[in-house]
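# Secondary and tertiary structure notes
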Amino acid sequence: MKTTFVETQNLVKKFGTAPNEHTVLQGISAQFYAAEATLLLGPSGSGKTTFLSILGCLLSPSSGKVILGDREVDFANKQELTEIRREALGFIFQQSQLLPFLTVRDNLFYSVPARQSAAARRQRAQDLMESLGIDQVGHLYPGQLSGGQRQRASIARAVFGSPHVIFADEPTAALDWENATRVMEMLISRVREEGTTLLMVAHDTRLIPYFDRVVHLEGGQITGQHTS
Amino acid sequence: MNITFFRLWLREEWGRMWAVAMGMLFFNRVRCLVAVAGVAAAFFLGATQAGLVVGWCRINSAIILNANVDVWVMARQTASFDFGTAIPRQSMYRVRSIPEVRWAEAMLVAWNTWQRADGRRTNILLIGLDDSNVGGPWQMQRGVLEDVQQPDSVIVDELYADILGVRQLLDRAELTGRRAVVRGISEGVRTFTASPFVFTSIKTVIAADRRYRPDEITYVMARGTDGQTPEELKAIVSQALPELEVITSAEFANRTIAYWMLETGAGFSVVLTGILGLVVGTIICSQTLYTITAENLGNYATLSAIGFGRETLICVVAVQSLFFTIGGIILGTGLYSVCAWAMSRTQISIQMNPEVYISLVVIYFITGALAATIAIRAVLSVDPATVFSR
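About the cut-offs
- Residues numbered from 1 in each chain as written.
- Chains lettered and ligands numbered in written order.
- Predicted model: local features only at pLDDT ≥ 70, side-chain atom pairs only at ≥ 80, totals over all residues.
- Heavy atoms only, no water.
- Pairing = 2+ DSSP bridges.
- Helix = DSSP H or I, 4+ residues; strand = E, 2+ residues; numbered from the N terminus.
- Contact = heavy atoms within 4.5 Å.
- Buried area = accessible area lost by both parts, 1.4 Å probe.
- Salt bridge = Lys/Arg side-chain N within 4 Å of Asp/Glu carboxyl O.
- Polar contact = N/O pair within 3.5 Å; in protein donor to acceptor, adjacent residues only side chain to side chain.
- Nonpolar A, V, L, I, M, F, W, Y, C, P; charged D, E, K, R; others polar.
- Phe/Tyr/Trp six-rings, centres within 6.5 Å; stacked < 30°, edge-to-face > 60°.
- Buried < 20%, exposed > 50% of the residue type's maximum accessible area, 1.4 Å probe, protein only.
- Axes fitted to C-alpha atoms, helices over the stretch in contact; angles between N-to-C directions.
- Domains from an automatic or database assignment.

## Considerations on the sheet that holds strand E4 (residues 63-68) of chain A
All names here are of chain A.
- Judged by pairing direction, the sheet is antiparallel, and its four strands sit side by side in the order E2-E1-E4-E5 without closing on themselves. Of all the strands in the sheet, the pair left with one neighbour each is strand E2 (22-33) and strand E5 (71-72).
- Bridge count between strand E1 (residues 4-15) and E4: five bridges; the pairing is antiparallel. Counterpart to Val12 in the pairing with E4 is Ser63.

Right, dumping it as structure tokens:
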């Protein structure tokens, strides 16, 4: 029996005001399960990124509900949104978005509040970097890394705080296929080890085999889904 | 924000807030140093102007305050110490006759012309001292103050020795055709005008300046009996000499300062330059902070997306602003100290008192905070959702 961790109920998102109003999400209801890797596939403009932004508590829906765990997200409460992002969510962006003024190690170290001792966090950062093959570049700044290394560092940052859900927005889009497969293997392996829910947006159908479930989005609606 | 939350926030967020703030600043060290140097230069400018004002105020009031008397008696409408009007010497005896007066002596101040041994002339302000030399120089480099009472003797200050053509004791000059012998050289007696102070006896002033009759003086200085405040003595002496003006030393010092600083317009230009320094400092600080913030708006969006709260982001900018402000003040104070030290042996006096320095520091902290608010507004307007569209 799968446990639902992320759930949306009739999620609508409109941009602009009438008569120039544009509805991007048209009442999406979906469930995503704990420790499951889901791929959101769809053409440009289908609403994938908007959907991911709302699930990631970065954007408020026009109507509808988002339930994370057993808690309905209150999008009017900005402080609560920040706390949810800090405590429960991890993000991997298309361009890695590592902080350019911190070393790779510090990008991990300072990505979450100091709940544990500095030594424990340093060890965790070291272990993650080793598992992702970037321990040799931990002292370098993101600008000194290759695209693949940056994305692996980005994965390390996303899982560093042991979040319940990781949202990834086309993390392999800027990489060649060889690097993309390497990054995907590492990402999937990390989320499996950590027992994390993964929701990833991509265009590339070659990535389908890495995921437990694939959800197709088109015109702001779920047009189909299948499990592998 | 309740106290518990604040403590939690401090413990858990302080480290990463500090790392981000400093990382952002020092990622471009040259720009950071240039910004600190800019704020330092502005602080230095403001401090120097304030130091000039303080120095000038002290110069203008030095003789009055160093005389260490309670009240000064003078002709009505005397604008400043330098422009005294003749009053009868008898006034001094009338002051002495007041039971509440413990001590009183006269002073005669007159503009004169000093002719050097080589024939060159310069305007001076002759300060004629009475028997106990109160109102004379407070620090002697060479000679003794008492010698000023010898006939035709003068004391000049080392800062103006070159202008007056004096190299050593017993050098000679002329005061409107009358011989003057240098019997002493003082230290630190500056003048606000281009005319140096030259100390002598009242008798020598009268002998050198035919405009004054032998029984004329410009000021009576008086000290009260024990327990008498200057204000009380002022009231008593005013009652006894209603035709003259009686003011305390502090009032006379302030009147003289106000005359030179406000009525001549000299103070206005100094204050204007000081304000300019402040404005420049604010602009440099806010411009630099805003530039750094604007360049990092994308990174602020990322920080917000990964769970940095509003308070943390505000603190990042506030810490950066504090860094520029404190760094600028420390460096600016160092520059100011070097400048003040270098000027201490010249005729220009740059001085500081704790009240003015603290006021300057407070003003710079306020301007730093103002500069930070612009950057903070920019940070708070960042939408974390933009991280997915970049």
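## Details of the interface of chain B and chain A
- Counting residues at the interface gives 28 residues for chain B, matched by 30 residues for chain A.
- Of the roughly 2400 Å² buried between chain B and chain A on both sides combined, carbon and sulfur atoms contribute 64%.
- At the boundary of chain B with chain A, the tally comes to zero salt bridges.
- One can count six residue pairs in polar contact (both at pLDDT 80 or more) joining chain B with chain A.
- Elements with a minimum of two residues in the side of chain B that touches chain A: helix H1 (3-26) and helix H9 (297-305) of chain B.
- Ranked by the residues each element gives to the side of chain B that touches chain A, the list is headed by H1(B), at 10 residues.
- For the side of chain B that touches chain A, the residue count by class is 13 nonpolar, eight polar and seven charged.

## Brief notes about the packing of aromatic side chains
All names here are of chain B.
- If you walk through the whole model with that rule in mind, you get 20 aromatic pairs over all chains.
- Relative to Trp18, the ring of Trp14 lies with its centre 5.8 Å away and its plane at 25°, an arrangement referred to as stacked. With Trp14 and Trp18 both in helix H1 and four residues apart, the pair spans about one turn of that helix.
- On the accessibility criterion, Trp18 (40% relative accessible area) is partly exposed.
- Each ring, one from Tyr259 and one from Trp260, has its centre 5.1 Å from the other, and the planes form 80°; the classification is edge-to-face.
- A relative accessible area of 18% means that Tyr259 is categorised as buried.

## Considering the sheet that holds strand E8 (residues 197-202) of chain A
All names here are of chain A.
- With mixed pairing, six strands are arranged side by side in an open sheet as E6-E7-E8-E3-E9-E10. The outermost strands of the open sheet, each flanked by one partner alone, are strand E6 (89-92) and strand E10 (221-227). Pairwise comparison of adjacent strand axes, ignoring direction, gives a mean angle of 20° for this sheet.
- By the bridge criterion, four bridges tie strand E3 (residues 37-41) to strand E9 (residues 213-218) in an arrangement that is parallel. Directly across from Leu41, in E9, lies its bridge partner His216.
- In the packing of helix H2 (residues 78-88) onto the sheet, the strands contacted are E6 and strand E7 (165-169), and the crossing angle to E6 comes to about 80°.

## Thoughts on the domain arrangement of chain B
Residue and element names in this part refer to chain B.
- With domains assigned, chain B is organised as domain 1 (15-60 + 265-382) and domain 2 (76-243).
- Measuring from the centre of the C-alpha atoms in domain 1 to the corresponding centre in domain 2 gives 46 Å.
- Counting residues at the interface gives 11 residues for domain 1 and seven residues for domain 2.
- Taken over both partners, the interface formed by domain 1 and domain 2 buries close to 810 Å², and the fraction arising from carbon and sulfur atoms is 53%.

## Concerning the pairing of strand E1 (residues 71-74) of chain B
Residue and element names in this part refer to chain B.
- Judged by which residues are buried, E1 turns out to be covered on both faces: Val71 and Val73 on one side and Trp72 and Met74 on the other are all buried.
- Strand direction decides the pairing type here: E1 and strand E12 (residues 245-248), joined by four bridges, are antiparallel. Counted as the bridge partner of Trp72 is Ile247 from E12.
- Bridge count for E1 against strand E11 (residues 219-224) is three bridges, and the pairing is antiparallel. The residue of E11 that forms the bridge with Val73 is Val220.

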